[in-house]
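Survey of secondary and tertiary structure
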Amino acid sequence: MTRVLLPVLLFLLPAVAVGQRPSAEDTARALQQKYDRVRDFTADFTHTYEGGVLKKKTTEQGTVAIKKPGKMRWDYRKPEEKLFVSDGRMIYSYIPADKQVIRSEVPSDDQATTAVLFLAGKGNLLRDFEVSFTSTTIPEAVALQLKPRHKQQEYDWLIIAADRASMQIRALTAADTQGGRSTFQFTNYRENTGVADSVFTFKIPKGTDVIKAGPGR
């Protein structure tokens, strides 16, 4: 699920003197400070996965809604319907075709190092990651590579690309431990619109099997 649910950021870089470039750490600090002021956001996304053991490539599309603290909803619409919801306490993974729901607890703040959980208001860039600049093919964007300070089972590193002028998130890439790359590209980003709490309520459909995962088993 973590590969599928991977995080989104919106930030504003600090002003610097002409000819100077902020360090990667300063950029990450500014991203953190700006994102701390974002209460909620919505966006459309395209999710592409390449490589891995099976050397496959898949492309999916959908919408995402995030509300702090801890709430998120990822609706996959094409080519297959999938739903991932966190109400701030529990995370639900639901694929209608499988008639199965996987339920797990949201990790505590000091255990939340994935990009997705950072988006939901948990985790900290400088605390959880070693940061450095990296290249990006996205025009007019700046990119940071994030290497977790503690080894993760789900991924090796992340890359965040944001528009250089507005600092709206443009793409997020995660490299998993099997050699695959999972990339989200975001459009129609809107922040602080007052997303209702009801958006993050999940009711288990009748006839669906429930599997408990993680510490809450």
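Bear in mind the structure is a predicted one, so any value in this text is a computation, not a measurement.

The next point concerns the overall build of the protein chain. Secondary structure summary: the protein chain contains three helices and twelve strands in total. In the protein chain, which comprises 217 residues, the proportion classed as buried is 47%.

Here we come to the packing of aromatic side chains. Applying the stated rule across the entire model yields nine aromatic pairs. The interplanar angle of 20 degrees and the centroid separation of 5.1 Å between the aromatic rings of Phe41 and Tyr189 together place this pair among those described as stacked. In this pair, Phe41 is assigned in strand E1 (residues 40–51) and Tyr189 in strand E11 (residues 181–191), connecting sequence segments 148 residues apart. The ring of Tyr76 is capped by Lys82, whose NZ or CZ atom sits 4.7 Å from the centre of that ring.

Core analysis: the biggest nonpolar cluster contains 32 residues, and Ile66, Trp74, Leu146 and Phe186 have the highest contact counts within it. Counting residues in hydrophobic clusters, the runner-up holds eight residues, among them Ile138, Trp157, Ala171 and Ala175.

In total, this model carries five salt bridges according to the counting rule given. Ionic pairing is found between Asp26 and Arg29, a salt bridge with its closest N-O pair at 3.0 Å. One end of the pair, Asp26, and the other, Arg29, are both in helix H1 (residues 24–35), three residues apart, so they sit about a helical turn from each other. Residue Arg29 is classed as partly exposed on the basis of its relative accessible area of 37%.

This part covers the sheet that holds strand E5 (residues 90–95). Strand order in this open sheet of twelve strands is E7-E8-E9-E10-E11-E1-E2-E3-E4-E5-E6-E12, and the pairing throughout is mixed. Both outer strands of the open sheet, strand E7 (129–134) and strand E12 (209–213), are each paired with one neighbouring strand and no more. Each strand axis lies, on average, 20 degrees off the axis of its neighbour in the sheet, ignoring direction. Here six bridges tie E7 to strand E8 (residues 141–148), and the two strands are oriented antiparallel to one another. Counted as the bridge partner of Glu130 is Lys147 from E8.

Direction of pairing for E5 relative to strand E6 (residues 100–105): antiparallel, over a ladder of six bridges. Bridge assignment links Met90 to a residue of E6, and that residue is Glu105. Between E5 and E6, which follow one another and run antiparallel, lie four residues, and Lys99 among them has a positive phi close to 50 degrees. Examined bridge by bridge, E6 and E12 share five bridges and lie parallel to one another.

Over its twelve residues, H1 runs 16 Å from end to end, which matches the ideal 16 Å to within 8%, given 1.5 Å per residue. Turning to H1, its buried residues are Ala24, Thr27, Ala28, Ala30, Leu31, Gln32, Lys34 and Tyr35.

On to the confidence of the model for the protein chain. Overall, the prediction assigns the protein chain a mean pLDDT of 82, with 83% of residues at 70 or greater. With pLDDT under 50 throughout, residues 1–19 is counted as low confidence; its partners more than four residues away or in other chains account for 70 contacts.

We now examine the pairing of strand E10 (residues 169–175). Here E10 lies mainly inside the structure; six of its seven residues are buried. Pairing between strand E9 (residues 157–163) and E10: six bridges, direction antiparallel. Within E10, the position partnered with Leu158 by the bridge is Ala174. Where E9 hands over to E10, the hairpin turn is made up of five residues, of which Met167 adopts a positive phi near 60 degrees. As defined by bridge partners, E10 adjoins E11 across five bridges and the pair is classed as antiparallel. In the strand pairing of E11, Ala171 is matched with Gln185.

The rules behind these values
Residue numbers run consecutively from 1 along every chain, following the written order of its sequence. Side-chain atom pairs in this predicted model are given and counted only at pLDDT of 80 or more, local residue features only at pLDDT of at least 70, and totals for whole chains, interfaces and linings cover all residues. As a convention, hydrogens and water are excluded, and side-chain values are obtained from all of the structure's heavy atoms. Only DSSP runs of H or I covering at least 4 residues are called helices, and only runs of E covering at least 2 are called strands; the numbering of each starts at the N terminus. Each residue's exposure class comes from its accessible area (1.4 Å probe, protein chains only) as a fraction of the maximum for that residue type: buried when under 20%, exposed when over 50%, partly exposed otherwise. Two aromatic rings, drawn from Phe, Tyr or Trp (for Trp, its six-membered ring), form a pair once their centres lie within 6.5 Å of each other, and the interplanar angle then sorts them: stacked below 30 degrees, edge-to-face above 60, tilted otherwise. Whether a charge sits over a ring comes down to the Lys NZ or Arg CZ being within 6 Å of the ring centre and within 35 degrees of the ring normal. Buried Ala, Val, Leu, Ile, Met, Phe, Trp, Tyr and Cys residues that are joined via side-chain atoms within 4.5 Å together make up what is termed a nonpolar core. Whenever Lys or Arg places a side-chain nitrogen within 4 Å of a carboxyl oxygen from Asp or Glu, that contact is recorded as a salt bridge. The pairing criterion is simple: DSSP has to find at least two bridges between the two strands. Note on geometry: axes are C-alpha line fits, over the in-contact stretch for helices, and angles between N-to-C directions span 0 to 180 degrees. Residue count minus one, scaled by 1.5 Å, sets the expected span of a helix. Every residue carries a pLDDT, the predictor's confidence in it, which falls somewhere between 0 and 100. Contact between two residues is taken to exist if any of their heavy atoms lie within 4.5 Å; hydrogens are not considered.

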